[in-house]
Structures are given as structure tokens and as C-alpha cells.
Amino acid sequence: MGAIPTQRESESRAPGITVRPHTVARTTLPGHPSAPGEARGFVRSTLAGWAEIPLPEGELISDRLVGDALVVVSELVTNAVVHAGTDVELLCRLDRCTEDCSVAAPGARDTARTGPEPAGTASPAEEPGAAGAPGVVSSFVIEVSDHHPERVVRDDGAERPHDAVEYGRGLRLVSALSDAWGITYRTGTKTVWARLPVEGAASVARTRDPEKSGNAEATGTTGATGTTEATGATEVTAVTEATGRTGAYRGERAPPWGQAAEIPAPAPRHSVQDQDWLHRGALSFLAEASDLLAGQLDEDLVAALTGQLLVPRLADWCAVWLEDEAPGRSDGGVVGGPRLARVWHGSENRMEEMRRYLEKDPPRLPESARSRPVPVPWPAEALGAAEDGAALAYRLIAGGRPLGTLVIGRAGQNHFPDEITGLVEDLSRRVALAIGAARQYARQATISRVLQRGLLPGAVAEIPGVRSALVYEPCDKGGPSGDFYDLFPAGDGRWCFALGDVQGKGPEAAVVIGLARPWLRLLAREGYAVPDVLDRLNQLLLDDATETADAAARALVADGGAGLGDDGPQTRFLSLLYGELVPVEGGVRCTMASAGHPLPLLLEADGTVGEVARPQSLLGVFEDAGFDCGTFTLRSGDSILCVTDGATERRNGHRQFDDDNGLAAALAGCAGLSADLIAERIRRLVHEFGARPPEDDLALLVLQAE
């Protein structure tokens, strides 16, 4: 979707007024260690060229500005190269005050109209009531964009209990040298910008309009540019005529800059233009917010996205508290109480100070408020007593359960317009739904992880004279895998191993694995031979399937013939590679059998590769199936490779990895390698075979005689 229209883009200008264009230079640098040096050279040559412009602004490019700019661009480009690694887009510009410079912003693309001024019209600098000395250079802006927007830039090394990200600390220097800096997010792009003050801008403004400057001094008031009698200090400000709100920001106060955040909250006025702007932008804003929040599976990420959506589109800052539903968790606060998940401010310099202040006193809203906005005190202690504004809190409720609180604030006004409060209320509902979905996923993922740990051995046994290596990669990280493995002592100098693949995935696969693996261990430790273990496990699966079908039939009768739907009995069968190892003089005796499983391969010390079992029926399919086994001796340097079909059936178009004995050829190239290196090489070759990520679970086991 396109950029959401800003209030600046929607305002109509007085007929005949033109805006002088910004002086802009841009380049693209490769994501390479040489990029910071190239960026410094580009900025140095750009400023040198601008300094030669035969205009008063050229005199403002001082040695100090050049030095600060080189340091800042070096830090920003280095940060982008190190933490993104993509091509870097660098933009520099001298920002001029126009008649609407109160809403001009770093990060916003130049939308000013260009061209000669019509005859008989006043220039912006001559317009009565123009703010901030129109046409005068006020700042030098640097923007560095990369194409890896997932990572968050940090400006200090403060430890955060809920966010352990550790990078971007070099931006402290940027913070010290710039008036303001921040981050702008667009689809597929992250831009870090910094605004450097241009010395002497106020004196240039006075030379352009000495009469207006003198009038300001005579009255003791500060207009577009003025000098206060008490201190003699000069400052350039822009005052919005309709609201009296200061639009240019000083010090650490960051303006609502950034094309990615293209709905700056309107001033508390209700002109036709404002209504039209809001109505056109609101639907686009909510649509974009829904797209960003949909499918997010982490509640802290939802909180972070909420801050990026609101600041500076609708607020100067926002904070998200989440009700902690874990009964034993205490992240620096009350056990089970609200925790401050995210704080976002238009000025990066203010975020940590805001967090420290807000953590002290979480908002407590009445249940009767539901999701409606509730005024809360303005955090003057964190933002400074000289700055005042309005703050609202919204309860985040989904499914009737309170999940947290969203607080927003905007400086320079005593209340939010009704249109903005309604828009944020709609957004808060979407945020609450996203948090609820993320928590539901987290609960299911936790159950799956606990279940998965119970289905797999806690440790792989060490076998005298044998080195082993294992690769286990479930396709679905959030649910039980259909593959399983085991390597355990069976007593009497025997060790047994198994590698299996159950039909399907998820809970049904977990049921079969939970049935098969304990019985394998029990039968092996009872002294049953390899074929007998497979026979009894096959009968066990068949008996379990019969009992399940009988239970389903009784339930069907009890329900009066209602369909079973998806809860009906599932066919339960598995492929299994099972073997027994016994250390003997001169090597290790291996007895193994394959039940419907990809056949194991033997890599001898001289590089010869061959199969060491024969194909047999799957377990849990045929009641009268018989199983046999083969026995051989592993000599020093010999290796056995056992894999699941996630390796042999890895696809690249219509081809599979094991076509034309591809697995055997890959294993032959592993001659002389250790067990660990063989496992890693086969895993890498399987992954590299297809362009897309694997779509099936992958498990492989390597056993090598020492």
C-alpha cells in the first residue's frame, strides 16, 4: 500500500505561494566494510559543493558542521552495514524553513513544489505571519536506510529484562552530536536519521528581514524569529497559527518526522481539510495495522509494532503494559502483575528515561472503562516540567479477558481530538486480539515443547569403541515431530539404537511415538532379539488401532449415528530402523533390520558404500508380517548412516535427493571424516539440494567404529 497521506500533504496553500526546494544529495552504497569511508567522502564533497553556492546559506556550512556530519554518517552507515548487511541508501539535505516548517521533517520525502515564483507574489520569507524565517537553512539532515527492518536499533547499553538485543550502542555519539535522531520504518526498509543544527541560521534570518526582527525586539515578543529581552538568546521557532503549538523542536525533543509514520495527529481543530485528511488516512492506517499485527506470534513483538504504528502518526509517545499471566514470573515487578513491555518515543533519547519513570507506576483503569479512553496524568517528571500535553490510556481486552494497557501522549495540547481517540480505540482492539492470539500460540508451543522433550531421550548413550553423531531438525518448530530416535544400553554388553518416522505429525504422531519408544526399550532390555522386537511392536500397534476403532464405533452408536468428523480414528503405522550393537574383538558386531524405512548405508574405511539391510513391511499395517535381520561387523573407520525420508525425499522440482543413488554418492564423499563431520556434511548437502526450506522433518544418525 502507498504512504498514508499526511496533514502536510493535504493542506491547501494560499494562491501564488511557492516553496523553495531543499538542497538534497543521495547515493547508494554497498553493504561492505568500505561503505563508511565512501559515505564520509560523499558527505565531505557534498558539503564542499554546497559551501560554494553563491547564497547566504553557503556561509553556514562551517568546519564544525562538516566534522560532526562526518562522525554521524560514519556511525549510521557502520551500524547499517554491520547489523543489516544490505545495500545502504544515504541521503543528505539542508532543511529550509518554509511557511509550514512546523511540519517539515527528517525522514519525509521532499514534497515541496519547485519552480520560479510567479510575478507579483510574495516569497515565503516575506509572507506576513510566516513561521521560522521562511527560506532560511535551519538544519542539516542525514538519513541512512537499509533493507533489514526487523532489527531494532539501540542507543545505549542499558540492560533490558524483556529484550536482550545487544547492538547499536555506537549511536550514543549520534545522540550527543545531533539535535534529534530517530528511526523510520517502511515496508522492507528501516531509516535511521539525525538532524544536526546549522550555526548562524538565526543571524541570516535577521539579515533577510531586519524590520520584522526589530519589531519583535521592540515589543518584547518572539515571532517567527526574535530575541527575548531578558536573556538576549535567539531561537528559531515555528508556531502553528490555529493552535499556538510550537512546531519546531529543540534539544532532545524530536518532531513527528518520517514518511513511514504518515499520520501526524492533527491539532485540536476541525476544519474541512483536517476532516478530509483524517477520513482518507484512517482506513489506510487501520488496514496497514491489521496487516502488520496479523500472524505475529510473540506478544512483545506485537507491543513493539504498536509503538511504531502510533509514534509519530497519532502520538508523540506510547507505552504498552501487558498483564503477566505466568503465576511464578516476576520481571522486576509484582508477581503476576502488569509489566512494561514497550515504550516508544519520537525522540530516541527520551525512551529510557520514559521507561524508568513509567515502570514505577503502572496505570490502573476501572473495569467499567472497557476499551474506551481514560485520561491519565502527563509524565512531566520524565519529559520535563516545561513541556505539557495530554495522555490517554486504553484497556486491551480480548475475549472478555484484560491483557494489558495502552497509553499514548502528545505534547502541546490539552486533549486529543475525538477522531484520533476513536482511531486509537479501534487500533487498541486489534492490538488486544493480536496479543491474545500470540498468547494462545505461546501456550500451545509450550505444551508442544514439553511433549516433544518427553518423546525423545534426554541424552544419547555412549558406546565403547563407537562414536555417534545425530542431526534432528523438526520441520514444525512449534509442534511434535513425526521423526524420533533413540540410543540406549540394553544390558549384557548390548546397546540398541532406533530411528523411526511416524505417519503424520502433531498429536497423532506423538501418540504413536509415545507408544513405540518405551516399548522398544522394554523389549530390548527384556532380551528380545531384533526380529522379535519388531514382531511384538507391530502387533502392539495393530492391537491399539483395533481398540481405537472399537471405541470410535461405540461413540458413534452413542451419538445416534452422528459423524465422527476429524475426531475419528486415524491409521497408525510407522517406519523403523532398529539395531543392536555389541563390542567384540576387532570391531563392533551390528545386527539391524529395516521395517519400511530408508535402508542404512555402510561407508567402509576404503570409501566403499553399500546397503546393509533389506526392505520389509511397515509396522502397524499387516498382522501376519514377518521380520528378519542382518548381522555384520564394523571395522575400524567404518561408518553407518541412518536417515529418515526427510533426507532421501528432499525435493528440487521433480527430482529427489536420493535419485540415482544420490545419498550413497554423498556418503562416498565423506570417506576419512569423523562421525560429526559426516553428519554435518550430509545435513548441509540435503539443505542445499533444494532452493526452498525443507518441508519434512529431518533426522540422521551416524555410528562409526573407532
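Each chain carries its own residue numbering, running from 1 in the written order of its sequence. With pLDDT at 70 or above as the cut-off, local features in this predicted model cover only qualifying residues; side-chain atom pairs require 80 or more to be listed or tallied, and sums for whole chains, interfaces and linings still use all residues. Note that the side-chain values use all heavy atoms of the structure and ignore hydrogens as well as water.

1. Some remarks on the overall build of the protein chain
Formally: By the criteria applied, helices consist of DSSP H or I runs no shorter than four residues and strands consist of E runs no shorter than two, each listed in order from the N terminus. When accessible area is computed with a 1.4 Å probe and restricted to protein chains, residues below 20% of their type maximum are described as buried, those above 50% as exposed, and intermediate ones as partly exposed. Residue contacts are counted whenever heavy atoms from the two residues lie within 4.5 Å of one another. The Shrake-Rupley method, run with a 1.4 Å probe, gives the accessible areas here. Residue values count only the displayed protein chains as cover.
Regarding its fold elements, the protein chain presents 16 helices and 24 strands. Per-residue burial over the protein chain gives 50% buried out of 706 residues. A fraction of 71% describes how many contacts in the protein chain between residues 6 or more apart in sequence connect residues 24 or more apart. Taken as a whole, the protein chain presents about 31700 Å² of accessible surface, with 51% of it coming from carbon and sulfur.

2. Comments concerning the packing of helix 12 (residues 506-525) against helix 13 (residues 530-558)
Note the threshold: An axis is simply a line fitted to the C-alpha atoms; with a helix, the fit covers only the stretch in contact. Between two such axes, the angle follows the N-to-C directions and lies from 0 to 180 degrees. Helix crossings are classified by the rotation of the near helix relative to the far one: an anticlockwise turn of less than a right angle makes the crossing left-handed, while a clockwise turn makes it right-handed. Lys, Arg, Asp and Glu make up the charged group, whereas Ala, Val, Leu, Ile, Met, Phe, Trp, Tyr, Cys and Pro make up the nonpolar group; the residues left over, Gly among them, are polar.
Two elements in contact, helix 12 and helix 13, have axes whose closest approach is 10 Å; the angle formed by their N-to-C orientations is 145 degrees. Handedness of the crossing formed by helix 12 with helix 13: right-handed. When helix 12 is examined against helix 13, the residues V512, L515, A516, W519, L520, L523 and A524 are found in contact with a partner set consisting of V533, R536, L537, L540, L541 and D544. Considered class by class, the residues forming the contact of helix 12 with helix 13 number 11 nonpolar, no polar and 2 charged.

3. Considering the packing of aromatic side chains
Two descriptors summarise a pair of aromatic rings, namely the distance from one centre to the other and the angle between the planes of the rings. Formally: A pair of aromatic rings is counted whenever rings of Phe, Tyr or Trp (Trp by its six-membered ring) have centres within 6.5 Å, and the orientation is called stacked for planes under 30 degrees apart, edge-to-face for over 60 and tilted otherwise.
Tallied over the entire structure, the rule returns 4 aromatic pairs. With 5.3 Å between their ring centres and 65 degrees between their planes, Y472 and Y485 make a pair best called edge-to-face. Of this pair, Y472 sits in strand 13 (residues 466-473) while Y485 sits in strand 14 (residues 483-491), placing them 13 residues apart in sequence. Classification of Y485 as buried rests on a relative accessible area of 11%.

4. A closer look at the pattern of salt bridges
For the record, the criterion: Note on definitions: salt bridges are taken to be side-chain nitrogens of Lys or Arg within 4 Å of carboxyl oxygens of Asp or Glu.
Scanning the entire structure with this criterion turns up 23 salt bridges. Note that R521 and D486 form a salt bridge whose closest N and O atoms lie 2.7 Å from each other. With R521 in helix 12 and D486 in strand 14, the pair connects residues that are 35 residues apart, well separated along the chain. For D486, a relative accessible area of 2% corresponds to the buried category. Because the salt bridges share partners, they merge into one network encompassing E299, D300, R339 and R439.

5. Re the pairing of strand 5 (residues 189-197)
Let me state the cut-off plainly: Only strands joined by at least two bridges in the DSSP assignment are considered to pair.
Burial runs high along strand 5: 8 of the 9 residues are buried. Pairing of strand 4 (residues 180-186) with strand 5 involves 7 bridges; the strand directions are antiparallel. Its bridge partner lying in strand 5, I183 is registered against V192. Where strand 4 folds back onto strand 5 in an antiparallel hairpin, the turn is made up of 2 residues, including G188, whose phi is positive at roughly 80 degrees.

6. Section: the sheet that holds strand 16 (residues 574-584)
The antiparallel open sheet is built from 5 strands, whose spatial order is 14-15-16-17-20. Every other strand in the sheet has two partners, leaving strand 14 and strand 20 (630-634) as the edge strands with one partner each. The average undirected angle you get between the axes of adjacent strands in this sheet is 20 degrees. Pairing of strand 15 (residues 494-502) with strand 16, which is carried by 8 bridges, proceeds in the antiparallel orientation. Opposite V502, over in strand 16, you have L574 as the bridge partner. Sitting on the sheet, helix 12 touches strand 14, strand 15 and strand 16, and the angle it makes with strand 14 is about 15 degrees. Of the strands in this sheet, strand 16 and strand 17 (587-595) touch helix 13, which is tilted by about 155 degrees from strand 16.

7. Remarks on the environment of G527
Tracing the backbone through its elements, the reader meets G527 in the loop between helix 12 and helix 13. A residue is classified by how much of its surface remains accessible, and G527, at 49% relative accessible area, is partly exposed. Sequence separation between G527 and R494 is 33 residues, and the spatial gap between their C-alpha atoms is 9.6 Å.

8. Examining the sheet that holds strand 24 (residues 698-705)
With antiparallel pairing, 5 strands are arranged side by side in an open sheet as 13-24-21-18-19. Each having just a single partner strand, strand 13 and strand 19 (609-611) make up the two edges of the open sheet. Between one strand axis and the next, the sheet turns by 20 degrees as a mean value, whatever way the strands run. Across 5 bridges, the pairing between strand 21 (residues 639-643) and strand 24 is antiparallel. Each residue of the ladder has a partner; that of L641, found in strand 24, is V702. Along the sheet face, helix 16 (residues 675-689) touches strand 13, strand 18 (601-603), strand 21 and strand 24 and points at about 150 degrees away from the line of strand 24.

9. Examining helix 2 (residues 35-51)
What counts, and what does not: Multiplying 1.5 Å by the residue count of a helix minus one yields the expected span of that helix. Within this analysis, the arc is defined by the directions that extend from the helix axis to the C-beta atoms.
Helix length check: helix 2 (17 residues) gives 24 Å between terminal C-alpha atoms against 24 Å at 1.5 Å per residue, within 8%. Listed as buried for helix 2 are A35, P36, A39, F42, V43, T46, L47 and W50. The buried residues of helix 2 occupy one face: seen down the axis, they fall within an arc of 120 degrees.

10. Section: the nonpolar core
To be explicit about the condition: Among the buried residues, those of types Ala, Val, Leu, Ile, Met, Phe, Trp, Tyr and Cys that are joined through side-chain atoms within 4.5 Å form a nonpolar core.
Counting residues in hydrophobic clusters, the biggest one holds 70 residues, and the most contacted among them are V43, L90, F140, I142, L310, I408 and L427. Ranked by the residues each element gives to this core, the list is headed by helix 3 (residues 63-83), at 9 residues. Those residues in contact with L90, other than ones at most four positions away along the chain, are A25, R26, T27, A39, F42, V43, V73, I142, E143 and V144. With 53 residues, the next largest nonpolar core counts Y485, L581, F632 and L703 among its residues.

11. Things to note about a negative patch on the surface
Note the following rule: Surface patches are drawn from residues lacking salt bridges whose relative accessible area is over 30%; two like charges belong together within 9 Å, two nonpolar side chains (Val, Leu, Ile, Met, Phe, Trp, Tyr) within 5 Å. In summary, the charge assignment counts Lys and Arg as positive and Asp and Glu as negative, without counting His or the chain termini. The atoms used to mark charge sites are NZ of Lys, CZ of Arg, CG of Asp and CD of Glu.
Among the surface-exposed residues, D543, E547, D550, E623 and D624 lie close enough to one another that they form a single negatively charged patch. In this fold, E547 is placed in helix 13. The exposure class of E547 is exposed, given its relative accessible area of 54%.

12. Observations concerning the side chain of D95
To keep it simple, the criterion reads: Whenever two N or O atoms come within 3.5 Å, that pair is a polar contact, provided that in protein one can donate a hydrogen and the other can accept it, and provided that, for residues adjacent in sequence, both atoms are side-chain atoms.
Tracing the chain through its elements places D95 in strand 2 (residues 88-96). D95 gets classed as buried once you look at its relative accessible area, which sits at 5%. Engagement of the side chain of D95 in a polar contact is seen with the side chain of R93, the distance being 2.6 Å.

13. Some details on unusual backbone geometry
P312 follows V311 through a cis peptide bond whose omega is 0 degrees. Mapped onto the secondary structure, P312 falls in the loop between helix 8 (299-310) and strand 8 (317-323). A positive phi is found at D492, a non-glycine position, where the angle reads about 60 degrees. Examined against the element boundaries, D492 turns out to sit in the loop between strand 14 and strand 15. The class of D492 is exposed, set by a relative accessible area of 78%. At D660, a position not held by glycine, the phi torsion is positive, near 55 degrees. Assignment of secondary structure puts D660 in the loop between strand 23 (655-656) and helix 15 (662-668).

14. Some thoughts on helix 13
In this model helix 13 runs 43 Å from its N-terminal to its C-terminal C-alpha over 29 residues, within 8% of the 42 Å that 1.5 Å per residue would give. V530, P531, V533, L534, L537, N538, L540, L541, L542, D544 and A552 are the residues of helix 13 that are buried. At its buried positions, helix 13 is contacted by helix 12, strand 16 and strand 17.

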